[in-house]
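The primary structure of each chain is shown beneath.
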Amino acid sequence: MAKLTLDDLRKLRDEKKQAMNQRDAEGKTAQVIIGMGTCGIAAGAKAAFDAFLDEMDKTGVTHATIKQTGCMGLCFSEPTVEVKMEGMPDVVYGNVDEDTARRIVRDHLKNKTLVSDHIFDKPSTDIIKD
Amino acid sequence: MAYKNYIMVCTGTGCESSKAGQLYENLNAELKAAGVEEEAQLVKTGCFGFCEQGPIVKILPDETFYVKVKPEDAKEIVAEHIVKGRPVDRLIYKEPSSDKTPVDTDNIGFYRKQFRIVLRNCAVINPEIIDEYIARDGYGALEKALFEMSPDDVLQEIKDSGLRGRGGAGFPTGTKWGFTKGVEADQKYIVCNADEGDPGAYMDRSVLEGDPHSVLEAMAIAGYTVGASKGFIYIRAEYPLAIDRLNLAIAQAKEYGLLGDNILGTDFSFDIELRLGAGAFVCGEETALLASIEGKRGMPIPRPPFPAVKGLWGKPTVINNVETWANIPVILLKGAKWFNSIGTETSKGTKVFALTGKINNSGLIEVPMGTTLREIIFDIGGGIAGGKPFKAAQTGGPSGGCITPQFLDTPIDYESLMSIGSMMGSGGMIVMDEDDCMIDVTKFYLEFTVDESCGKCAPCRIGGRTCYNILDRISKGKGEVEDLQKLKDIGHAMRKASLCGLGQTAPNPVMSTMKYFEDEYKAHIEDNKCPAGKCKDMLSFSINDNCVGCTACARVCPVSCISGEVKQKHVIDQDKCIKCGQCFTKCKFEAIDRA
Ligand SMILES: Cc1cc2nc3c(=O)[nH]c(=O)nc-3n(C[C@H](O)[C@H](O)[C@H](O)COP(=O)(O)O)c2cc1C
Ligand code: SF4
Ligand code: SF4
Ligand code: SF4
Ligand code: FES
């Protein structure tokens, strides 16, 4: 790399910041927790995980972290994904395939609307409009 | 494609020495073997601070905190956590008090009350990659200084921040820079003091290993502020990892044009070189350090003139400690006001301590000034190891003194420590319990200063030795009542008449322990007793009637001076006993008296 100008430095910083941002849980207002027990993986949790990452990249969603956890005990509705976000109820989504994962990113994380047809655990029915 | 996981592996000196390097290699191999090197990025980091629990591996973004990880654990971590997403439970840190797994790193007792400014990037970035530093706003402060601020603006910001030197004395940094800026000279210098000679201290080393660019950036900012074009980092040769990382960092910064000629296309040029010290404590004293850089023997010279006005090769020189430097970029980025809001009235910001001794969680910690000793020992440090009562904490190393239980709730800053006869010093903090003998501890520090005295002036050379001899006599049960007064008199003379800080502060541990532990001194002198049972010459071991004749003691005695029939009371041959205390620890029947 040649010597940097002021613009180069700023550009480099922005680029690298994006990449580093993914490591950081600090300042994130949302959490996506994917069940990755054996059952989850068998049901396609890894594909859902990849879809989450990819869609977040594409839509510029940076306020969420993706965590993996073990089996959530809901093996019948795997892959299961819990989403916690400020100003939104905690939600557990069931049967999250790649497509649903992308919808969760766009609707839930970005536009703050629930992906109603995949909600497994209704935390408080009055918040969800059918 | 973005990574799913980041595996942060500590490669600080502490973890390295317990095979973190091998662990890193194994993780790398396992990721490849499992075909997931595209999914998880392996990152080498600096010290996490929690060295006692090392080697440490932290998985992001889920913040799983693995401790005491062995190289052979790599396979399981990759197979379970990375491939299947199931954390390896047996490696996860559990709180000693509750045995619970904290939800995330910030919730670990050790980290909860910490506040990281100086250590902001340690264990967060890979110190060997300049891009990672840049991503964390690195070189943003230099950019701001060069393009948005005049040297006067920068100086004012540093002054307003209230930052004081972290190398020991706490001199206001802005004032120091102001002196150098105010002198006309064809050449000025910036020096980083990375000598770190205090026994038990390793905060500066950790900053240099974990975040070397923060110091380079700060030195360049100071160069711009005072009009210097050349900097030196004086570092002891015993810090090979820090030296390697600094060399790498300097090379990378030069390649990017963040050091060298015409930085970022401006007409400001600044260069940094390393100078290795042989590791003499006195070379940390600023005038001795400068002499050493000049290639002379490292001996202090009288001040004034201060280095700020007449330093390296007679030119105005700013010399600051590593930790002081590491604060500078943050102050410029976040502003003096922000910095000012942290800490106490007279001491702003945070302080890094190397917490060691009889404490559950030893390690490197950073707390806001004004945190109390109780919070440090009991909240962060997890309390006294073995649950014994707290006796004292030694701060400030050989220049400092003891903080006793009655001061547990004193907010720690420069002034309050001074007022109770201790010192901030560079930040060593050694916690002691009732098994520690204060005479013994004091002797240790005095032996250190006597060994490290350069011998140039009589009060330090002769006074230190005399005090040591007196302490040695007291610890051997040959002390006299007048010794206490003698120690005080010599101490006062050394404080007044020594040439440099080494001799001036050498009596501090003595004065402090005499003040707070007078009874312990008296017990040694008048009753020939060491209450902590540490001073060997005053100890005697004997066997009482509790003895059931199990022979355990006789079997451990290294000099075979315990005799007796099985199931009969045993006896110790006092002439042969070397007072090692092994029999005392071994006996399960409280049959051995230690007096
Ligand atoms: C005997 C002796 C040893 C010292 N050792 C160190 C040291 O290892 N590191 C350090 O930064 N300052 C050390 N100092 C303090 C320096 O002389 C000087 O005050 C300091 O580097 C100034 O930096 P600061 O203003 O950032 O604290 C020592 C002082 C004395 C008297
Ligand atoms: S006080 Fe001690 S170390 Fe300092 S100059 Fe005198 S003899 Fe040397
Ligand atoms: S270990 Fe204790 S009980 Fe056993 S022989 Fe020695 S003194 Fe007696
Ligand atoms: S103190 Fe040591 S040397 Fe003395 S009797 Fe006990 S074991 Fe033997
Ligand atoms: S060296 Fe690894 S935690 Fe300190």
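Residues numbered from 1 in each chain as written. Chains lettered and ligands numbered in written order. Predicted model: local features only at pLDDT ≥ 70, side-chain atom pairs only at ≥ 80, totals over all residues. Heavy atoms only, no water.

- As recorded in an unreviewed UniProt entry, chain B goes by the name 4Fe-4S dicluster domain-containing protein, listed as coming from Tichowtungia aerotolerans.
- For chain B, the Sequence similarities (unreviewed entry) comment in UniProt is given as "Belongs to the complex I 51 kDa subunit family." (UniProt positions renumbered as here; feature names shortened; annotations may be inferred.)

- For chain A, an unreviewed UniProt entry supplies the name (2Fe-2S) ferredoxin domain-containing protein and the organism Tichowtungia aerotolerans.

Here's the deal with the packing of aromatic side chains
Residues and elements named next belong to chain B.
Alright, step 1. Taken as a whole and assessed by the stated rule, the structure comprises 19 aromatic pairs over all chains.
Alright, step 2. With 5.3 Å between their ring centres and 85 degrees between their planes, Tyr-133 and Tyr-139 make a pair best called edge-to-face. In terms of burial, Tyr-133 and Tyr-139 fall into one category: buried.
Alright, step 3. Through successive ring pairs, a cluster of aromatic residues spans Phe-48, Phe-50, Phe-65, Tyr-93, Phe-110 and Tyr-111.
Alright, step 4. The aromatic ring of Tyr-24 is capped on one face by Lys-44, whose charged end is 5.2 Å from the ring centroid. (Phe/Tyr/Trp six-rings, centres within 6.5 Å; stacked < 30°, edge-to-face > 60°. Buried < 20%, exposed > 50% of the residue type's maximum accessible area, 1.4 Å probe, protein only. Lys NZ or Arg CZ within 6 Å of the ring centre and 35° of its normal.)

Quick notes on the site of ligand 1
Residues and elements named next belong to chain B.
Alright, step 1. Lining the immediate environment of ligand 1, one finds 18 residues, of which Gly-167, Lys-176, Asn-320, Asn-321 and Thr-324 sit closest.
Alright, step 2. For ligand 1, an oxygen atom lies 3.4 Å from a polar atom in the backbone of Arg-166.
Alright, step 3. Contact between ligand 1 and Glu-196: an oxygen atom at 2.9 Å from a main-chain N or O atom of the residue.
Alright, step 4. Its free accessible area being 610 Å², ligand 1 has 90% of it covered by the protein chains.
Alright, step 5. Looking at the shell around ligand 1, the elements that each hand over two or more residues are strand 8 (317-321) and helix 20 (501-505).
Alright, step 6. Broken down by element, the residue count for the shell around ligand 1 peaks at three residues, all from strand 8.
Alright, step 7. Tallied by class, residues from the shell around ligand 1 come to three nonpolar, nine polar and six charged. (Near = heavy atom within 4 Å. Polar contact = N/O pair within 3.5 Å; in protein donor to acceptor, adjacent residues only side chain to side chain. Areas by Shrake-Rupley, 256 points an atom, 1.4 Å probe, with all protein chains shown as cover. Helix = DSSP H or I, 4+ residues; strand = E, 2+ residues; numbered from the N terminus. Nonpolar A, V, L, I, M, F, W, Y, C, P; charged D, E, K, R; others polar.)

A few points about helix 12 (residues 286-293) of chain B
Residues and elements named next belong to chain B.
Alright, step 1. Counting buried residues in helix 12 gives seven out of eight residues, a clear majority hidden from the surface.
Alright, step 2. Among all positions in helix 12, only Glu-286, Thr-287, Ala-288, Leu-289, Leu-290, Ala-291 and Ile-293 are buried.
Alright, step 3. Residue Gly-295 follows helix 12 closely and has a positive phi angle near 90 degrees.

What to know about the site of ligand 2
Alright, step 1. Cys-454, Lys-456, Cys-457, Cys-460 and Cys-500 of chain B are the nearest of the 13 residues found near ligand 2.
Alright, step 2. Class assignment for the residues of the shell around ligand 2 results in eight nonpolar, four polar and one charged.

As for the sheet that holds strand 4 (residues 64-66) of chain B
Through backbone hydrogen bonds, the strands of a sheet pair up, either in parallel or in antiparallel fashion.
Residues and elements named next belong to chain B.
Alright, step 1. Taken in spatial order, the four strands make up an open sheet running 2-1-3-4, and their pairing is mixed. Two strands close off the open sheet at either side, each with one partner strand: strand 2 (40-45) and strand 4. Put simply, the sheet's adjacent strands are angled 20 degrees from each other on average, direction ignored.
Alright, step 2. Summarising the sheet, strand 1 (residues 5-10) and strand 2 pair through six bridges and their orientation is parallel. Bridge pairing in strand 2 links Tyr-6 to Gln-41. (Pairing = 2+ DSSP bridges. Axes fitted to C-alpha atoms, helices over the stretch in contact; angles between N-to-C directions.)

Comments concerning the interface of chain A and chain B
Alright, step 1. Listed per partner, the contact involves 34 residues of chain A and 40 residues of chain B.
Alright, step 2. Joining chain A to chain B, the criterion identifies five salt bridges.
Alright, step 3. Here Asp-131 of chain B makes a salt bridge to Lys-16 of chain A, at a shortest N to O gap of 3.4 Å.
Alright, step 4. If you look at where chain A meets chain B, you find nine residue pairs in polar contact (both at pLDDT 80 or more). (Contact = heavy atoms within 4.5 Å. Salt bridge = Lys/Arg side-chain N within 4 Å of Asp/Glu carboxyl O.)

Some remarks on the side chain of Glu-323 of chain B
Alright, step 1. Note that Glu-323 of chain B resides in helix 13 (residues 322-334).
Alright, step 2. There is a polar contact of 3.1 Å between the side chain of Glu-323 of chain B and the backbone nitrogen of Val-352 of chain B.

So, the domain arrangement of chain B
Alright, step 1. Structurally, chain B comprises domain 1 (5-107), domain 2 (131-277 + 305-341), domain 3 (350-433), domain 4 (438-527) and domain 5 (539-594).
Alright, step 2. Placing the centre of domain 1 of chain B and that of domain 5 of chain B at their C-alpha centroids yields a distance of 46 Å. (Domains from an automatic or database assignment.)

Here's the deal with the sheet that holds strand 9 (residues 350-357) of chain B
Residues and elements named next belong to chain B.
Alright, step 1. Taken in spatial order, the five strands of this open sheet run 10-9-13-11-12, and their pairing is mixed. With partners counted over all chains shown, the strands left at the sheet margins are strand 10 (363-368) and strand 12 (401-403), one partner each. Within this sheet the neighbouring strands show an average axis-to-axis angle of 35 degrees, counted without direction.
Alright, step 2. Pairing analysis gives six bridges linking strand 9 to strand 10, with the strands arranged antiparallel. Looking at the pairing, Lys-351 lines up with Val-367 of strand 10.

Here's the deal with the pattern of salt bridges
Alright, step 1. Tallied over the full model, the rule gives 38 salt bridges over all chains.
Alright, step 2. Notably, a salt bridge pairs Glu-273 of chain B with Lys-230 of chain B, separated by 2.5 Å at the nearest N-O pair. With a gap of 43 residues between them, Glu-273 of chain B in strand 7 (residues 271-277) and Lys-230 of chain B in strand 6 (residues 230-236) connect regions that are remote in the sequence.
Alright, step 3. Overall, Glu-273 of chain B belongs to the partly exposed group, its relative accessible area being 31%.
Alright, step 4. Accessibility expressed as a relative area gives 19% for Lys-230 of chain B, which makes it buried.
Alright, step 5. A salt bridge links Arg-275 of chain B to Glu-273 of chain B, with the nearest nitrogen and oxygen atoms 2.9 Å apart.
Alright, step 6. For Arg-275 of chain B, a relative accessible area of 26% puts it in the partly exposed group.
Alright, step 7. Through salt bridges that share partners, Asp-54, Glu-55, Lys-58, Arg-102 and Arg-106 of chain A make up one connected network.

Considering the packing of helix 2 (residues 20-33) of chain B against helix 3 (residues 74-84) of chain B
Residue and element names in this part refer to chain B.
Alright, step 1. At a minimum axis separation of 8 Å, helix 2 and helix 3 run at an interaxial angle of 45 degrees. In this view, helix 2 runs oblique relative to helix 3, as classed from their interaxial angle. Considering how the two elements wind past one another, helix 2 and helix 3 form a crossing that is right-handed. Along the contact surface, helix 2 presents Leu-23, Asn-26, Leu-27, Glu-30 and Leu-31, while helix 3 presents Ala-74, Lys-75, Ile-77, Val-78 and Ile-82.
Alright, step 2. Each residue belonging to the contact of helix 2 with helix 3 can be placed in one class, and the counts come to seven nonpolar, one polar and two charged. (Parallel < 35°, antiparallel > 145°, perpendicular 65-115°, else oblique. Left-handed = near helix turned anticlockwise from the far one by under 90°.)

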